[in-house]
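Chain by chain, the residues run as shown.
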Amino acid sequence: MKKIGICAAITGSMTRKETMPGLPVTVDEIINCAYECSCAGAAIVHIHVRDKDERPSLEASLYKEVLTGIREKSDILVCISTSNHLVRVSDKERIRLMELQPDLASLEVTSLKRPDGGIKNNKKFVIDMLQAMKQYEVKPEFEIFNPPMFKEFMRLVELGYIEDNAYIQFVIGSIGGMKPTYKNIQWILDSDKKGFNWSAAGIAGMQLPVNFISILNGCDVIRTGMEDNRYLLKGIPVKNNVEFVDRSATMIRMLGCEVADSFAMAKILGVKDRKYD
């Protein structure tokens, strides 16, 4: 029976509590939410941190608090965001986050244009980040927003900067990326993944169909959570991230697969063993 992991993207960088009261934004809320998602069956938690005013942040001290707190309570794999979307921070500061040794860290191999400034990743930053990830044994989660980004990813694979057991996260329905159409979902399914581990994140109303289609087509992880979606079902607002994890676990089992725990997921993705001091 195939094992599929659940990645809970619990906060993100855009949504605020005034529109989603259950959104975890403080350090303690993020830690507790990660623990609750782990108990519900999530193998990975995808983390964004916020400052005291709820603004997105890449402050190393906040990430350190969150990492320490989660690891004291749970074995869930922690994936931190390195995206500079809506955050003013130097590339060096982003790269230094790898010194915290999260289990995984997200990375876009190109920039992504958006009306609000988007994501700015030049080629030097990407190479330097990949080298830091290798040095500190952090598993990259390659977020792919469009075909040109996938093309650049494959170029880096051919040049040897990316290992053969890469983990790819396709994203559909995000501003500046692929439009939420079934044609684009088909492009994801048809992409030559060369045996890489993969997942697909559907934004807003695409979350549920993308989850189902991914499971049916052999994905290794499905992504869910309040970063990507406000509704559990059409017209029914979600109360918290655990509801999304519960829904995902039910879907995986309904389709004849097994929910992977964090230890199985670490083995599947090739995440290095950690000593959680």
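Draft legend 1. Main features of empty space enclosed by the protein. For the structure shown, the criterion picks out one cavity of 30 Å³ or more. Volume-wise, the largest cavity comes out at about 40 Å³. Every residue lining the largest cavity is listed: Ile185, Ile188, Leu189, Trp198, Ala200, Val210, Ile213 and Ser214. Going through the elements one at a time, helix H6 (182-190), strand E9 (197-202) and helix H7 (207-216) are the ones with two or more residues in the lining of the largest cavity. Here the residues of the lining of the largest cavity sort into seven nonpolar, one polar and no charged.

Draft legend 2. Highlighting the layout of surface pockets. Of the volumes computed, that of the largest pocket is approximately 620 Å³. In terms of lining, the largest pocket is formed by 35 residues, of which the most central are Met14, Arg114, Ser174, Glu227 and Asp228. For the lining of the largest pocket, the class distribution of residues is 14 nonpolar, 14 polar and seven charged. Computed from the structure, the second largest pocket encloses a volume of approximately 400 Å³. Mapped by element, the contributors of at least two residues to the lining of the second largest pocket are helix H4 (123-135) and strand E7 (139-144). Ranked by residues supplied to the lining of the second largest pocket, first place goes to H4 with four residues. Split into classes, the residues belonging to the lining of the second largest pocket amount to 10 nonpolar, four polar and five charged.

Draft legend 3. Main features of the state of the cysteines. Taken as a whole, this structure holds zero disulfides when the rule is applied. Here cysteine 33 is not disulfide-linked; the sulfur of cysteine 37 is the nearest cysteine sulfur, at 4.0 Å. Residue cysteine 33 is classed as buried on the basis of its relative accessible area of 8%. Here cysteine 219 stays unpaired: no disulfide links it, and the sulfur of cysteine 257, its closest cysteine neighbor, is 7.8 Å away.

Draft legend 4. Expanded view of the packing of aromatic side chains. This model, assessed by the stated rule, comprises six aromatic pairs. Between phenylalanine 150 and phenylalanine 153, the aromatic rings sit 6.0 Å apart at their centres with planes inclined by 20 degrees, giving stacked as the arrangement. Here phenylalanine 150 pairs with phenylalanine 153, and both are found in helix H5 (residues 147-158), just three residues apart, close to one helical turn. Neither phenylalanine 150 nor phenylalanine 153 differs from the other in exposure class; each is buried. Among the aromatic side chains, those forming a connected cluster through ring pairs are Phe142, Phe150, Phe153, Phe170, Trp187 and Phe196. Above the ring of phenylalanine 125, the side-chain terminus of arginine 94 is found at 3.9 Å from the ring centroid. The residue whose ring lies beneath lysine 193 is tryptophan 198, and the NZ or CZ to ring-centre distance is 4.9 Å.

Conventions adopted
- Position labels on residues start from 1 in each chain and follow its written sequence.
- Reporting of local features is limited, given that this is a predicted model, to residues whose pLDDT is at least 70; pairs of side-chain atoms are given and counted only at 80 or more, and all residues count toward the totals for whole chains, interfaces and linings.
- Computation of side-chain values: all heavy atoms of the structure, hydrogens and water removed.
- The pocket and cavity definitions rest on a 1 Å grid over protein atoms only: a 1.4 Å probe that fits but cannot leave marks a cavity, an open set with protein on both sides within 12 Å along at least five of seven lines marks a pocket, and residues lining either have an atom within 4 Å of a point.
- Grid points are joined across faces, edges and corners, and a volume is the space filled by probe spheres set on the points.
- Only runs of H or I of at least four residues qualify as helices and only runs of E of at least two qualify as strands under DSSP, and these elements are numbered from the N terminus.
- Residues were grouped as follows: Ala, Val, Leu, Ile, Met, Phe, Trp, Tyr, Cys and Pro as nonpolar; Asp, Glu, Lys and Arg as charged; and all remaining residues, including Gly, as polar.
- Defined by distance alone, a disulfide is two cysteine sulfur atoms within 2.5 Å.
- In this scheme, a residue with accessible area under 20% of its type's maximum is buried, one over 50% is exposed, and one in between is partly exposed, where area comes from a 1.4 Å probe on protein chains only.
- Side-chain rings of Phe, Tyr and Trp (the six-membered ring for Trp) are treated as a pair once their centres are within 6.5 Å; stacked means planes under 30 degrees apart, edge-to-face means over 60, and tilted covers the remaining angles.
- In this scheme, the term charge over a ring applies when either NZ of a lysine or CZ of an arginine sits within 6 Å of the ring centre and within 35 degrees of the ring normal.

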